[in-house]
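# Examination of the molecular architecture
So the chains spell out like this:
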Amino acid sequence: MVHDDTVISANGLRKVFGRGRSEHVAVHGASFTMTRGRNLGIVGESGSGKSTLARMIMGLERPTAGDVVVCGSDMTRPAHSRSARRERAKLTQMVYQDPFGSLDPRQPVESVLREVLSIHDSGDRSARELRIAELCDLVGLTVAQRSRSPRDLSGGQRQRVAIARALAVEPRLIVLDEAVAALDISIQAQILNLLTDVQDATGTDYLLISHDLAVVSHLTQDVIVLRQGEIVEQGETRVVLEEPQHRYTRVLRDSIPSQRWREPGVLERIALGSDG
Ligand SMILES: Nc1ncnc2c1ncn2[C@@H]1O[C@H](COP(=O)(O)OP(=O)(O)OP(=O)(O)O)[C@@H](O)[C@H]1O
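From a predicted model like this one, the values you see are computed outputs, not experimental measurements. (Residues numbered from 1 in each chain as written. Predicted model: local features only at pLDDT ≥ 70, side-chain atom pairs only at ≥ 80, totals over all residues.)

### Things to note about the overall build of the protein
When helices and strands are tallied, the protein shows 11 helices and 10 strands. Since a compact globule built from 276 residues should have a radius of gyration of about 19 Å, the 19 Å found for the protein is in line with a globular shape. The dimensions of the protein, computed from C-alpha atoms along their principal axes, are 55 × 55 × 40 Å. Counting over 276 residues, the protein shows a buried share of 39%. (Helix = DSSP H or I, 4+ residues; strand = E, 2+ residues; numbered from the N terminus. Rg over C-alpha atoms; globule rule 2.2 N^0.38 Å. Buried ≥ 20, exposed ≤ 12 C-beta atoms within 10 Å, placed from the backbone.)

Quick look at the structure:
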């Protein structure tokens, strides 16, 4: 049964690519629930099916079997009409590892946001300009940075633009697909802190795909562990990381050289420059 506070309800989600001898099962019957106010992490090594699972949740990949409902909307069916696609965009937005996945390198930041707002927002021109300023303030882009294009910004600034672009639509859920993986550790910490502030301000929930358990433990309350397309463990992030029940989770956890995910607040300390 789907409750009002259910953000994602996935039942037996399965994805098979190719046919015959080239058939590959990327996701084997994944079932789980994500609840409002509890960010969910999906962890697993490269090729374990994290992005395929996320793409099915967003309605970008059609499942071979099973179904997924996001905030009451069935994402299994293709969204053919423009209004259906617009409705879907208001449910979920994605922030990628490479911001150029959602940004034109040459389009100035303000123009990116203006375009998104004009598609999704019925407000007038002056309301849109106010909203652009509000979004840039929220993600910490200076006035000078707003008139630049993404190719003239740093990696961290570009990720701020990608986050502002996602927020412009006021989605119920933001999917962060390795969104901080390409950033230096101190910039990574700044963006994670920004994501926490944005969540406090907007109430958007996050689905976080990451191979980095420090990032997962910083931002999520619940976690799913994927191995070769199968969920081998799921539960509260703290419990799963502290007391993994599955051997694969232990291997993932122990493969982090410094075990730094254990230290509460380690990312904040790095961001503040007080971590040795
Ligand atoms: N369009 C596709 N056609 C065929 N195989 C695919 C396709 N997309 C993904 N796969 C395969 O499905 C498996 C899961 O891929 P997926 O990208 O979901 O993994 P991932 O866990 O996100 O990996 P990474 O962390 O490296 O991004 C991989 O073996 C991949 O090669």
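This is not the end of the story, as more comes after the structure.
### Some details on the packing of helix α3 (residues 109-120) against helix α4 (residues 125-139)
Running from N to C, α3 and α4 point in directions that differ by 125°, and their axes come no closer than 10 Å. Taken together, the axes of α3 and α4 lie oblique to each other. Between α3 and α4 lies a crossing whose hand is right-handed. Packed against α3, whose contacting residues are Glu110, Leu113, Arg114, Leu117 and Ser118, the element α4 presents Arg128, Arg131, Ile132 and Leu135 at the interface. Its residues assigned to classes, the contact of α3 with α4 comprises 4 nonpolar, 1 polar and 4 charged. (Axes fitted to C-alpha atoms, helices over the stretch in contact; angles between N-to-C directions. Parallel < 35°, antiparallel > 145°, perpendicular 65-115°, else oblique. Left-handed = near helix turned anticlockwise from the far one by under 90°. Contact = placed C-beta atoms within 7 Å. Nonpolar A, V, L, I, M, F, W, Y, C, P; charged D, E, K, R; others polar.)

### Considering the sheet that holds strand β8 (residues 205-209)
Here we have 6 strands laid out as an open sheet, ordered β6-β7-β8-β3-β9-β10, and mixed in their pairing. The sheet terminates laterally at β6 (92-96) and β10 (230-236), the two strands that pair on one side only. Taken pair by pair, the neighbouring strands of this sheet meet at an average axis angle of 15°, ignoring direction. Looking at chain direction, strand β9 (residues 222-227) and β10 are connected through 6 bridges and run antiparallel. Bridged to isoleucine 224 within β10 is glutamine 234. Strand contacts of helix α1 (residues 50-57): β3 (40-43), β7 (173-177), β8 and β9, with the helix running at about 150° to β8, the strand carrying the most contacts. (Pairing = 2+ DSSP bridges.)

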